[in-house]
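Here is what each chain is made of, one letter per residue.
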Amino acid sequence: MNYFEYFSEIEQRFSRRRGSILLLSTLDWALIETWREAGIPLEAVLRGIDDAFDKYEARSQRIKGRLRKVNGLAWCAQAVMQATEEMAEAATGAQKAEARESAASGFESERVAAYLERNAAALEAAATTLSQIFEAAQRLRELAAAMRYEKPIPLDELDRTLTVLEERVISALYSAASEEELTILRTQADSSLRHIAAVCPPCS
């Protein structure tokens, strides 16, 4: 399975179970990348997403009320780790050891910091003279350093900061793009949205 398929399968399953199309956040994509780098099978991720939503739906029926809508893939992280452990145990036939170290959630501060630094380097290496790009790279490095503090930035605050930073970068790129480039981008975006809508129709 290639890089794109791993990401797209997870995004599609999450959107389908949520019942509506939702663009994943920056941290959601970072979490998927962490899972892939850790060698977590796609089947385990999909099973974890299903298990998490099954429990959510069962609870919703029990309390006979509307629960808060699930808005992030991180909500499924614990279920994904549990599914990964269960698959590993089934494959080896081994009993779960009581002292076994729990699997990483994917959101450890050092992992997040390393992810931010990799993206900062990618921005710096981009062939562009836009000052906003270099400012974004510098900000990512500052956030990476903050994640290594004794008390790192809360993930929800980091997510909001990255969302604003992402919007600034996209705005700068759009402003610098030619009319032809913008037309190509719009065509590609429309095509992607049609594909997602076809495979993940909203629940009625």
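Given the structure is predicted, the values throughout are model-derived calculations rather than measurements. (Residues numbered from 1 in each chain as written. Predicted model: local features only at pLDDT ≥ 70, side-chain atom pairs only at ≥ 80, totals over all residues. Heavy atoms only, no water.)

Colleague: Got a sec to walk through the packing of aromatic side chains? Specific residues and values, please.
Modeller: Within this structure, the stated rule accounts for six aromatic pairs. With centroids separated by 6.4 Å and ring planes inclined at 70 degrees, the aromatic side chains of F53 and Y56 adopt a geometry described as edge-to-face. Here F53 pairs with Y56, and both are found in helix 3 (residues 42-63), just three residues apart, close to one helical turn. As far as the burial class goes, F53 and Y56 line up, both buried. Feature note: the residues F14, F53, Y56 and W75 constitute an aromatic cluster, connected by ring pairs. (Phe/Tyr/Trp six-rings, centres within 6.5 Å; stacked < 30°, edge-to-face > 60°. Helix = DSSP H or I, 4+ residues; strand = E, 2+ residues; numbered from the N terminus. Buried < 20%, exposed > 50% of the residue type's maximum accessible area, 1.4 Å probe, protein only.)

Colleague: Break down the pattern of salt bridges for me, with residues and values.
Modeller: Applying the stated rule across the entire model yields twelve salt bridges. A salt bridge links R17 to D54, with the shortest nitrogen-to-oxygen separation between them at 2.8 Å. Of this pair, R17 sits in helix 1 (residues 3-18) while D54 sits in helix 3; the two residues are 37 residues apart in sequence, bridging distant segments of the chain. The shortest N-O distance in the salt bridge between E33 and R118 comes to 3.3 Å. Of this pair, E33 sits in helix 2 (residues 26-37) while R118 sits in helix 5 (residues 109-125), and the two are 85 residues apart along the sequence. With a relative accessible area of 16%, E33 lands in the buried category. The network of salt bridges with shared partners includes R13, R17, D50, D54 and E57. (Salt bridge = Lys/Arg side-chain N within 4 Å of Asp/Glu carboxyl O.)

Colleague: Residues and numbers for helix 7 (residues 155-176), please.
Modeller: Two residues of an α-helix separated by three or four positions point the same way, owing to the 3.6 residues in each turn. Given a rise of 1.5 Å per residue, 22 residues ought to cover 32 Å, and the 31 Å separating the end C-alpha atoms of helix 7 matches this to within 8%. All of the buried residues along helix 7 are L158, L162, L165, V169 and A172. With its buried residues spanning 85 degrees around the axis, helix 7 presents them on a single face. Along helix 7, exposed side chains directed more than 90 degrees from the buried face belong to R160, E167 and S175. Its buried side turned inward, helix 7 meets helix 2, helix 5 and helix 6 (131-147). (Expected span 1.5 Å × (residues − 1). Arc of directions from axis to C-beta. Contact = heavy atoms within 4.5 Å.)

Colleague: Give a description of helix 1 that names residues and reports values.
Modeller: With 16 residues, helix 1 extends 23 Å between its outermost C-alpha atoms, agreeing within 8% with the 22 Å of an ideal straight helix rising 1.5 Å per residue. Within helix 1, burial applies to Y6, F7, S8, I10, E11, Q12, F14, S15, R17 and R18. Downstream of helix 1 by one or two residues, G19 has phi in the positive range, about 95 degrees.

Interpretation note: all reported values are geometric properties and have no functional meaning in isolation.
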